Each structure stands twice: as C-alpha cells, then as structure tokens.
Amino acid sequence: MDISLLAFAHILVAAAVCWLNFIVIDLIFRLPAGGGVVGATAIGQHIKERGGSLHGGYMMGNIVSSPDASAGTLLASCGVFIAGIPGGLLATLLVYIGNRICHDPGYAGTTGCVTATCIVYGFTLLGFSPAEFIAGMVIAIMTIQGISHRHSSRLLSWLWKVRGG
Amino acid sequence: MTPQEAAVMVCAAIAVYAAIRVALEPDTLRKLPFLNVLSFAITGVIALVLPHPLGIVAAAAYFVGSTLESNAIASTYAGGLDRRE
C-alpha cells in the first residue's frame with residue numbers, strides 16, 4: 001500500500017482507539033452527571049435548547065471547561081511522540097496541574113493520560129506512529145464537539161443511560 | 001509523505017474547519033465546543049512541528065490556557081462564580 005494511504009488508514013484506526021479510550025474513561029468518571037462548573041452547566045443547557053440532550057451536553061460542557069480524558073489522550077500522544085513513555089508521564093503531570101488550575105476535583109484527565117500513554121506506546125510496537133494518534137485524537141474530539149451537538153449529545157446521553165446513570 | 005506530515009495535514013484541516021464553525025455559530029456558549037476542537041487541533045500542530053521536550057510543555061501550556069479561557073468565558077457568560085470557589 002502507498003505509504004501516505006497507510007498513514008491515513010492508521011490515523012483512522014487511531015481515531016477509533018482514542019475515541020473509545022476517552023469516552024469510556026469520561027463515563028467511568030461520571031462526566032455526564034452534571035456540570036462541574038456553572039459554565040459547563042450552561043453549555044449543557046444551551047445544547048439542550050437546540051434539540052440536544054442534557055446529560056450529553058453536560059459532558060460536552062465539562063470537556064470544554066477542564067482537561068478531561070480527551071485532553072489527557074491528546075497530550076499523552078504528544079508526549080509519547082516527542083519523548084516516549086517519559087514524555088507521556090510528563091504530559092500526565094501537566095494535565096494534573098491543568099485540572100487543579102481549572103478547579104476540577106476529578107481525575108479523568110490524569111487517568112486518561114496514563115492509559116493513553118500505555119495504549120499509544122503499545123501501538124508503536126505494532127508499527128503505528130504516535131503522530132498518527134495525535135491526528136486520531138483531533139478527529140475523535142471533532143466527532144463529539146465539532147459536527148452536530150444535537151446528535152453527539154444524544155449519543156453521549158444514550159451511553160450514559162447504558163452505563164446506568 | 002511521512003506519518004508526521006499526514007498528521008499535521010489532518011490537524012491543520014480540522015483547525016480551519018473548526019475556526020469556520022466558530023465563526024458561523026451565533027450562540028456564544030455553543031461556540032465553545034467548536035473552539036475546543038480548534039484548541040485540540042492547534043495543540044496537535046504545536047507538538048508535531050516542535051518535536052523537542054519543551055514542545056510538550058508548550059503544547060500543554062497552550063491547551064490548559066485555552067481551556068481555562070473557555071471555562072472563564074462560559075462561567076462569566078452564565079452569570080455566576082465557580083461553585084468551588
């Protein structure tokens with residue numbers, strides 16, 4: 001296969017892996033339960049006004065307002081790309097500091113960063129480049145935050161219901 | 001094309017797309033998720049074009065800073081203080 005086609009195929013696989021990583025960890029850490037700060041609550045309510053779903057909107061508001069598992073996945077990919085596992089661990093420390101700066105008492109960001117460091121490093125052993133995971137995570141966040149808030153918030157609310165609320 | 005160049009292309013294209021969506025969305029609070037996508041894309045580009053240990057710090061500092069700004073805009077716009085303050 002052409003080398004650039006292979007890179008784009010890897011990016012799509014990486015996007016799916018990053019999507020699963022950050023959605024599962026954000027759901028485990030109960031991000032859709034409510035807005036962590038008033039701004040996140042307001043974003044959820046505005047998304048609901050436009051035909052979206054409230055709990056999915058809260059999760060989207062929380063992703064905007066503080067570095068969560070999606071940010072952890074992105075920065076871990078950047079860290080592993082630049083400096084391997086130590087880079088991923090440095091990114092974890094920076095996400096932890098970022099969470100405290102943004103008044104987020106949770107550990108979704110740091111947990112996501114640690115799991116993403118392991119996942120990205122594991123995939124490099126299979127021939128993937130960490131750079132592909134950076135692009136993959138940008139695609140993954142675009143599917144949630146950047147295409148249709150109405151549909152993505154409904155999907156997140158459905159997943160929240162499946163988790164058991 | 002190397003994987004790194006392919007990744008920069010994807011990030012840059014998504015950054016431009018997100019910037020257009022931010023400009024077209026009339027509601028301030030609903031602009032913020034699009035702005036979040038823009039921050040992700042720019043953070044990715046910073047790390048990809050600065051492969052140096054300080055590049056991680058630069059990318060993380062940019063990302064945390066933009067998140068804090070979005071947090072402040074949303075909380076101010078919603079007319080309240082942070083509950084935990």
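Coordinates for the structure precede this section.
How each quantity is defined
- Residues numbered from 1 in each chain as written.
- Chains lettered and ligands numbered in written order.
- Predicted model: local features only at pLDDT ≥ 70, side-chain atom pairs only at ≥ 80, totals over all residues.
- Helix = DSSP H or I, 4+ residues; strand = E, 2+ residues; numbered from the N terminus.
- Buried ≥ 20, exposed ≤ 12 C-beta atoms within 10 Å, placed from the backbone.
- Contact = placed C-beta atoms within 7 Å.
- Rg over C-alpha atoms; globule rule 2.2 N^0.38 Å.
- Nonpolar A, V, L, I, M, F, W, Y, C, P; charged D, E, K, R; others polar.
- Expected span 1.5 Å × (residues − 1).
- Core = buried A, V, L, I, M, F, W, Y, C linked by C-beta atoms within 7 Å.
- Axes fitted to C-alpha atoms, helices over the stretch in contact; angles between N-to-C directions.
- Parallel < 35°, antiparallel > 145°, perpendicular 65-115°, else oblique.
- Left-handed = near helix turned anticlockwise from the far one by under 90°.

Draft legend 1. Structural detail: the overall build of chain A. Across its full length, chain A carries seven helices and zero strands. Along chain A, helices (α) and strands (β) appear in the sequence α-α-α-α-α-α-α when read from the amino end. Expressed along its principal axes, the backbone C-alpha trace of chain A runs to roughly 45 × 35 × 25 Å. Counting every position in chain A, which comprises 165 residues, the buried fraction comes to 61%. Looking at chain A alone, contacts between residues at least 24 apart form 73% of all its contacts between residues at least 6 apart.

Draft legend 2. View of the overall build of chain B. Helix and strand counts for chain B stand at three helices and zero strands. Walking chain B from its N terminus toward its C terminus, one meets helices and strands in the order α-α-α. For chain B, the C-alpha radius of gyration of 15 Å lies well beyond 12 Å, the compact-globule estimate for 85 residues. Its C-alpha atoms give chain B principal-axis dimensions of about 50 × 30 × 10 Å. Sorting the 85 residues of chain B into buried and exposed places 48% on the buried side. When contacts within chain B are restricted to residue pairs at least 6 apart in sequence, long-range pairs at least 24 apart make up 48% of them.

Draft legend 3. Region of the structure containing the interface of chain A and chain B. If you look at the interface, chain A gives 50 residues, while chain B gives 46 residues. Contributing elements (two or more residues each) for the side of chain A that touches chain B: α1 (3–28), α2 (38–49), α3 (54–65), α4 (69–101) and α6 (130–145) of chain A. Counting residues per element, the side of chain A that touches chain B draws most heavily on α4(A), which supplies 14 residues. Residues belonging to the side of chain A that touches chain B are distributed by class as follows: 34 nonpolar, 14 polar and two charged.

Draft legend 4. Layout of α1(A). Across its 26 residues, α1(A) extends 37 Å between first and last C-alpha, which sits within 8% of the 38 Å expected from 1.5 Å per residue. Taken together, the buried positions of α1(A) are Ala7(A), His10(A), Ile11(A), Ala14(A), Ala15(A), Val17(A), Cys18(A), Asn21(A), Phe22(A), Ile25(A), Asp26(A) and Leu27(A). Buried residues along α1(A) sit against α3, α4, α5 (108–125), α6 and α7 (149–163) of chain A together with α1 (3–24) of chain B. Phi turns positive one or two residues past the end of α1(A), at Arg30(A), with a value near 60°.

Draft legend 5. The arrangement of the environment of Leu90(A) in detail. Structurally, the position occupied by Leu90(A) is in helix α4. In this structure, Leu90(A) is in contact with Gly79(A) and Ile56(B), ignoring residues within four places of it in sequence.

Draft legend 6. Looking closely at the nonpolar core. One finds Leu75(A), Ile134(A), Val138(A), Cys11(B) and Ala41(B) to be the most contacted residues of the largest nonpolar core, which totals 81 residues. Apart from the residues lying within four places of it in its own chain, the contact partners of Val138(A) are Val10(B), Cys11(B), Ile14(B), Phe40(B), Ala41(B) and Gly44(B).

Draft legend 7. Representation of the packing of α3(A) against helix α2 (residues 28–49) of chain B within the structure. Direction vectors running N to C along α3(A) and α2(B) enclose 50°, while the axes themselves pass 9 Å from each other. Comparing the axis directions of α3(A) and α2(B) gives the class oblique. Helix-helix and strand crossings are classified by hand; for α3(A) and α2(B) the assignment is left-handed. Judged by residue contacts, Met60(A), Ile63(A) and Val64(A) of α3(A) engage Leu32(B), Pro33(B) and Asn36(B) from α2(B). For the contact of α3(A) with α2(B), the residue count by class is five nonpolar, one polar and no charged.

Draft legend 8. Structural view of the packing of α2(A) against α3(A). Residue and element names in this part refer to chain A. One way to put it is that α2 packs onto α3 with a least axis distance of 7 Å and a crossing angle of 135°. As far as their axial angle goes, α3 and α2 are oblique. The handedness of the crossing between α2 and α3 is right-handed. Note on element contacts: α3 touches α2 through Leu54, Gly57, Tyr58, Met60, Gly61, Asn62, Val64 and Ser65, opposite Gly39, Ala40, Thr41, Ile43, Gly44, Gln45, Ile47 and Lys48. Considered class by class, the residues forming the contact of α2 with α3 number seven nonpolar, eight polar and one charged.

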